[in-house]
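# Commentary on secondary and tertiary structure
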Amino acid sequence: RIHIIIRIVKMSFVPEGVPAFLALFENRKERIRGQEGCHHLELLKDIAQDNVYFTYSYWDGPEYLEQYRMSDFFADTWKHTKALFADKAQAWSVSREVVLP
C-alpha cells in the first residue's frame with residue numbers, strides 16, 4: 001500500500017486568464033487543502049513563463065486523491081480552471097524515494 005503520494009499538476013494558461021485563475025485558486029485553496037486525506041497544498045509558478053503554474057499536494061493515498069477528483073467541488077473547480085488553459089494540463093502522482101534533510 002502506498003502511504004503518501006505527491007500530486008503535481010502543470011497548467012499553462014492563456015496570459016489574460018492568469019488573473020482569473022489566481023482569484024479562483026485564492027477562493028478555493030482552503031477547501032482544496034481541507035479535503036479528506038490532503039495534508040499539503042502549494043501553488044508554484046514557473047520562473048521562466050509567467051503563465052505556467054503547478055499545484056503540488058500531498059495525499060494519504062491514491063484513494064483520497066481519487067475521492068477528491070470525483071467530487072462535485074473538483075468538477076466545478078476544474079471546469080472553471082480548464083476554460084483558462086492555453087494547453088492541456090499534465091499531471092503526475094509520485095512517491096518519495098529519497099529525502100535529504
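In this report, we go over the structure that sits alongside the text. (Residues numbered from 1 in each chain as written. Predicted model: local features only at pLDDT ≥ 70, side-chain atom pairs only at ≥ 80, totals over all residues. Heavy atoms only, no water.)

Moving on to the packing of aromatic side chains. Taken as a whole and assessed by the stated rule, the structure comprises 11 aromatic pairs. Centroid distance Phe-13 to Phe-21: 4.3 Å. Interplanar angle 25°. Geometry classified as stacked. Using a relative accessible area of 0% as the deciding quantity, one classes Phe-13 as buried. Taking the relative accessible area as the measure of exposure, Phe-21 reaches 3% and is therefore buried. (Phe/Tyr/Trp six-rings, centres within 6.5 Å; stacked < 30°, edge-to-face > 60°. Buried < 20%, exposed > 50% of the residue type's maximum accessible area, 1.4 Å probe, protein only.)

Before going further, it helps to examine the pairing of strand 3 (residues 52-59). Where burial is concerned, most of strand 3 is hidden: 7 out of the 8 residues are buried. Where strand 1 (residues 5-12) and strand 3 come together, 8 bridges link them in antiparallel fashion. Across the sheet, the residue bridging to Arg-7 is Ser-57, located in strand 3. Bridging between strand 2 (residues 38-45) and strand 3 involves 7 bridges; their strand directions are antiparallel. Bridging from a neighbouring strand, Cys-38 pairs with Trp-59 of strand 3. Turn length for the strand 2-strand 3 hairpin, with the two strands adjacent in sequence and antiparallel, is 6 residues. (Helix = DSSP H or I, 4+ residues; strand = E, 2+ residues; numbered from the N terminus. Pairing = 2+ DSSP bridges.)

Let's shift gears to the pattern of salt bridges. Tallied over the full model, the rule gives 5 salt bridges. Note that Asp-50 is salt-bridged to Lys-45, the shortest N-O span being 3.3 Å. Here Lys-79 makes a salt bridge to Asp-76, at a shortest N to O gap of 3.9 Å. Of this pair, Lys-79 and Asp-76 both sit in helix 3 (residues 72-82), separated by 3 residues, roughly a single helical turn. When its relative accessible area of 52% is taken as the criterion, Lys-79 is described as exposed. Classification of Asp-76 by relative accessible area gives partly exposed; the value is 27%. Beyond isolated ion pairs, a larger network of salt bridges with shared partners links Arg-28, Asp-76 and Lys-79. (Salt bridge = Lys/Arg side-chain N within 4 Å of Asp/Glu carboxyl O.)

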